[in-house]
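The primary structure of each chain is shown beneath.
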Amino acid sequence: MCGIVGYTGRRRAVPVIIEGLRRLEYRGYDSAGIACALERAEECEIVRHRARGKLARLEEILEEQEIRSSCGLGHTRWATHGAPSEDNAHPHCDCSGGIVVVHNGIIENHRSLKEELAAAGHRFTSGTDTEVLAHLIEAELDNDLAAAVRAALARVEGSFALGVMWRGAPGLLVAARRHSPLVLGVGESGRHLASDIPALLPYTREVMFLNDDEMAVLTPEGIEVASLADGRPLARRTTTVEWNAAMAEKAGYKHFMLKEIFEQPEAVSNTIRGRIDPETGAVSLPEAGLDQESAATVGRIVLLACGTSWHAGLIARYWIEKWCRIPVEVDIASEFRYRSLLVDSSTLVVPISQSGETADTLAGMRRAMDLGARVVAICNVVGSTMTREAHGTVYTHAGPEIGVASTKAFTSQLAALFLLTLHLGRLRGTIELAESHRLGRALTRIPLLMEEVLDGLGDRITPLAEEFGQARDFIYLGRGINFPVALEGALKLKEISYIHAEGYPAGELKHGPIALVDREMPVLALLPRDSVYEKTFSNAEEVRARKGRLIVVGTRGDEEPLAALGRHVITVPAVTEDLYPLLLSLPLQMLAYQIANLRGCDVDQPRNLAKSVTVE
Ligand code: AGP
């Protein structure tokens, strides 16, 4: 996610803004920039400097300048639209350079707004959605910046946390937010705005939170909060922040992984936003670069990935074969890249990668492209190698994932793959419109259901973590689309707690693994009310009969029959069968997290592991 910092007051703005951006570096970024107002007489001149790469590069540029300013905006960019570059770095400005904007979020209707503004003579210099905002504000400006920002945002669809400055109003900043965090600071030397609390802590612990569809006008003397809809003033008290800087980076969570577990509803919501009509469920996925003609030529699909991303592919296979009626292979990239491949122009290859830099997945993708395959990537990092080489990319908008153990990127991959399934099924005519809309609407409800699962989940999992935290081995069982969820649960546990864990198809138990089951062996069975419930229930009974220590994860309302299997029952809300993996994964992530934490493991940086395996 991008980082925003703004300041107006008595201090020199540059060091305040740069220090604030430095406190937001943990969020991940690919470029940075700053704009400051140099006070003149009644008007001020605005200077702007931007650089690709890390903050240090921007600081080198600033060291050569003498910027005497006490009002400015800064930004670290996590690219969502437009590759990482100096031209795409924020702050963005209007044609005159008199209005500058820093933004975190996604402007969904930026294309139509850009066409309208260009037709009116506005000249654009970047490939970003954010630049449209600067020109839109300029078009609405009539000597009142706050009113112009309000009028401009009334035309915007999507998410934003915004800082705006205008040369005609020295010392004044305007802030606004919708679906993207923004916090204001009341310091002894001035007023601050930032994407997140850490940027404010060196200067103040007195903070003011903006709610969605609210705005604020900041001057060195004060902050006025107002409704974005009508400008009505809103009273707002400050809150004193008790966090230290390290806690603040994790928003008060002990680890990034725990923060990212709880960010999943927002990550999935951001991934589907603008791609599904919330009313009808209709899916729009132009970035996949597929149309009816190219979709009709697809004879086979290969989903290519490693680790958790491979598990996402295993789940997607059920969807694609069911709804698109296309044979699907899910290949581990390190195996795929060395096999004699049956890939040609009728093969659609979908590499799945959070980082977009995994060496084996890149190598497999390149081999497939050499053999004529069409490649549509699923990736979380804009401008990563995979996205620059694939024919099309469907981005997950999970934001930077800091914890080595993938959580929000995984469920965001599932959301993106389900969207791709619906899109492909409609293009090939294998999904009826009504069915596609039903499934699309079911996906739009997932973030809310995830919130329900996460609410109080930690307390429900703690007794399990305490009871099973010293286990030597673990078996995870799932059937059908939830077999890959069992694999993912086992991977989460082993990679952060170092407990040996295996995921198995529930029906496979009697073909060997049941020999492992005794009164010492914890067995977690995924048992949602789906089409294979009875079969899986029988498998769980086989475990109970051999005194296995059962944990059952099922559907809310089914607690009574599940309790007959054992005393550890966790449930999730009922959902259409296809989408259970997005909910069942959450308790498994939390169980792995709590056990690893109890065992004193380095949850965010587990031993021997890297966040992105960029070597073979
Ligand atoms: C997942 O928890 C692991 N960190 C690992 O398996 C990861 O999923 C794998 O290395 C693939 O990474 P990628 O998605 O960035 O390609």
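Residues numbered from 1 in each chain as written. Predicted model: local features only at pLDDT ≥ 70, side-chain atom pairs only at ≥ 80, totals over all residues. Heavy atoms only, no water.

Enquirer: I would appreciate a short explanation of empty space enclosed by the protein in the present structure.
Expert: To find leftover empty space, a probe the size of one water molecule is rolled over the atoms. Going through the model one piece at a time under the given rule, you end up with three cavities of 30 Å³ or more. Here the second largest cavity is characterised by a volume of approximately 70 Å³. Every residue along the wall of the second largest cavity is listed here: Cys 2, Arg 77, Trp 78, Ala 79, Thr 80, His 81, His 90, His 103, Gly 105, Thr 128, Asp 129 and Thr 130. In terms of residue class, the lining of the second largest cavity is made up of three nonpolar, seven polar and two charged. (1 Å grid on protein atoms, 1.4 Å probe; cavity = no way out; pocket = protein on both sides within 12 Å on 5 of 7 lines; lining within 4 Å. Points joined across faces, edges and corners; volume = space filled by probe spheres on them. Nonpolar A, V, L, I, M, F, W, Y, C, P; charged D, E, K, R; others polar.)

Enquirer: Just to check I follow, could you spell out the site of the ligand for this structure?
Expert: For the ligand, the set of nearby residues contains 14 residues, the closest of which are Ser 309, Ser 353, Ser 355, Thr 358 and Glu 495. Contact distances for the ligand include 2.7 Å between an oxygen atom and a side-chain N or O atom of Ser 355. Across the complex, the protein chains shield 91% of the 410 Å² of accessible surface that the ligand would expose by itself. Among the elements of the structure, helix H10 (307–323) and helix H18 (483–497) are those that each provide at least two residues to the shell around the ligand. Here the residues of the shell around the ligand are counted per class, giving four nonpolar, eight polar and two charged. (Near = heavy atom within 4 Å. Polar contact = N/O pair within 3.5 Å; in protein donor to acceptor, adjacent residues only side chain to side chain. Areas by Shrake-Rupley, 256 points an atom, 1.4 Å probe, with all protein chains shown as cover. Helix = DSSP H or I, 4+ residues; strand = E, 2+ residues; numbered from the N terminus.)

Enquirer: Help me out: how do you make sense of the sheet that holds strand S11 (residues 206–209) in this one?
Expert: Strands in a sheet are paired, the pairing made by backbone hydrogen bonds, and the direction either parallel or antiparallel. With antiparallel pairing, the eight strands of this open sheet are ordered in space as S3-S2-S4-S1-S10-S9-S11-S15. What marks the edges here is a single partner per strand, and that holds for strand S3 (44–52) and strand S15 (239–240). The strands touched by helix H1 (residues 13–22) are strand S1 (3–9), strand S2 (31–39), strand S4 (71–77) and strand S10 (190–194); relative to S4, the strand with the most contacts, the crossing angle is about 25°. Relative to S3, helix H2 (residues 55–63) is tilted by about 140°, and along the sheet it contacts S2, S3 and S4. (Pairing = 2+ DSSP bridges. Contact = heavy atoms within 4.5 Å. Axes fitted to C-alpha atoms, helices over the stretch in contact; angles between N-to-C directions.)

Enquirer: Help me understand the packing of helix H8 (residues 264–272) against helix H16 (residues 446–454) in this model?
Expert: The relative placement of two packed helices comes down to the angle between their axes together with the axis-to-axis distance. In the contact formed by H8 and H16, the axes pass within 8 Å of each other and the chain directions differ by 175°. As far as their axial angle goes, H16 and H8 are roughly antiparallel. Where H8 approaches H16, its residues Gln 264, Pro 265, Val 268, Ser 269 and Ile 272 are matched on the opposing element by Ile 446, Pro 447, Met 450, Glu 451 and Leu 454. The residue makeup of the contact of H8 with H16, split by class, is seven nonpolar, two polar and one charged. (Parallel < 35°, antiparallel > 145°, perpendicular 65-115°, else oblique.)

Enquirer: Is there a simple way to think about the sheet that holds strand S17 (residues 328–332) in this case?
Expert: Strands sit in the order S17-S16-S18-S19-S20 across an open sheet of five strands; the sheet is parallel. Single-partner strands in this sheet number two, and they are S17 and strand S20 (392–395). With strand direction ignored, the average angle separating the axes of adjacent strands in the sheet is 20°. By the bridge criterion, four bridges tie strand S18 (residues 347–353) to strand S19 (residues 374–379) in an arrangement that is parallel. Paired with Ile 352 across the two strands is Ile 378, which belongs to S19.

Enquirer: Is there a simple way to think about the pattern of salt bridges in this case?
Expert: Close approach of charged atoms lets side chains of opposite charge pair. Tallied over the full model, the rule gives 33 salt bridges. A salt bridge links Arg 177 to Asp 212, with the nearest nitrogen and oxygen atoms 2.7 Å apart. One end of the pair, Arg 177, is in strand S8 (residues 173–178); the other, Asp 212, is in the loop between S11 and strand S12 (214–219), with 35 residues separating them in the sequence. For Arg 177, a relative accessible area of 16% translates into the label buried. Taking the shortest distance from any N to any O, the salt bridge between Glu 389 and Arg 366 comes out at 2.7 Å. Of the two residues, Glu 389 is situated in helix H13 (residues 385–389) and Arg 366 in helix H12 (residues 359–370); the sequence distance between them amounts to 23 residues. By relative accessible area, which is 28% here, Glu 389 ends up partly exposed. (Salt bridge = Lys/Arg side-chain N within 4 Å of Asp/Glu carboxyl O. Buried < 20%, exposed > 50% of the residue type's maximum accessible area, 1.4 Å probe, protein only.)

Enquirer: How should the packing of H10 against H18 be read in this particular structure?
Expert: One can describe the packing of H10 onto H18 by two numbers: an axis separation of 9 Å at closest approach and a directional angle of 170°. One way to sum up the angle between H10 and H18 is to call them roughly antiparallel. Contacts from Gly 307, Thr 308, Trp 310, His 311, Leu 314, Ile 315 and Tyr 318 in H10 reach Pro 484, Val 485, Leu 487, Glu 488, Leu 491 and Lys 492 in H18. Counted by class, the contact of H10 with H18 contains eight nonpolar, three polar and two charged residues.

Enquirer: Would you explain the packing of aromatic side chains in this entry?
Expert: Tallied over the full model, the rule gives five aromatic pairs. Ring geometry for Tyr 533 against Phe 537: centres 5.8 Å apart, planes inclined by 45°, an arrangement best described as tilted. Of the two residues, Tyr 533 and Phe 537 both sit in helix H19 (residues 533–545), four residues apart, roughly one turn of that helix. For Phe 537, a relative accessible area of 13% gives the class buried. Among the aromatic residues, those joined into a cluster by ring pairs are Phe 468, Phe 474 and Tyr 476. For the cation-ring pair, Lys 54 lies above Tyr 29, with the distance from its terminal atom to the ring centre recorded as 4.1 Å. (Phe/Tyr/Trp six-rings, centres within 6.5 Å; stacked < 30°, edge-to-face > 60°. Lys NZ or Arg CZ within 6 Å of the ring centre and 35° of its normal.)

Enquirer: Mind showing me how you'd approach the pairing of strand S22 (residues 500–505) here?
Expert: Across a regular strand the side chains alternate sides, sitting on one face of the sheet and then on the other. Bridge count for strand S21 (residues 473–478) against S22 is six bridges, and the pairing is parallel. Counted as the bridge partner of Phe 474 is Ala 501 from S22. The β-α-β motif built from S21, the intervening H18 and the parallel element S22 has right-handed crossover chirality. (Right-handed = clockwise from strand over helix to strand, strands pointing away.)

Enquirer: Is there a simple way to explain the pairing of S4 in this structure?
Expert: Across the seven residues that make up S4, a large majority, seven, are buried. Residues Cys 71, Leu 73, His 75 and Arg 77 line one face of S4 and the alternating positions Gly 72, Gly 74 and Thr 76 line the opposite face, and both faces are buried. Two elements, S1 and S4, share six bridges in a ladder whose sense is antiparallel. Within S4, the residue paired with Val 5 across the bridge is Gly 74. Pairing analysis gives six bridges linking S2 to S4, with the strands arranged antiparallel.

Enquirer: Any chance you could explain the environment of Met 257 here in plain terms?
Expert: Relative to the assigned elements, Met 257 resides in helix H7 (residues 256–262). Look at Met 257 and you get buried, because its relative accessible area is 0%. When the C-alpha atoms of Met 257 and Ile 320 are compared, they prove to be 30 Å apart, with 63 residues separating the residues in sequence.

Enquirer: Quick question: what am I supposed to make of the nonpolar core here?
Expert: The tendency in soluble globular proteins is for nonpolar side chains to be buried as a group. If you look at the biggest cluster of nonpolar residues, it comprises 92 residues, and the most contacted ones within it are Ile 301, Trp 319, Ile 446, Phe 474 and Tyr 476. Top element by residues in this core is helix H21 (residues 580–598). It accounts for 12 residues. Setting aside its immediate chain neighbours within four residues, Ile 301 contacts Ile 320, Ile 326, Pro 327, Val 328, Glu 329, Leu 348, Val 350 and Leu 424. One finds Ile 61, Val 183, Val 207 and Val 241 within the second-largest nonpolar core, a separate group that totals 33 residues. (Core = buried A, V, L, I, M, F, W, Y, C linked by side-chain atoms within 4.5 Å.)

Enquirer: Explanation requested: H10 in the structure shown.
Expert: Each α-helix winds once per 3.6 residues, and so residues spaced three or four apart point in a common direction. An ideal rise of 1.5 Å per residue puts 24 Å on 17 residues; H10 measures up with 25 Å between its terminal C-alpha atoms. The sharpest bend along H10 measures roughly 25° and falls at Ala 316. Thr 308, Ser 309, Trp 310, His 311, Ala 312, Gly 313, Leu 314, Ile 315, Ala 316, Trp 319, Ile 320 and Trp 323 are the residues of H10 that are buried. One or two positions beyond H10, positive phi appears at Arg 325, with a value near 55°. (Expected span 1.5 Å × (residues − 1). Bend = angle between axes of the 7 residues up to and from the residue.)

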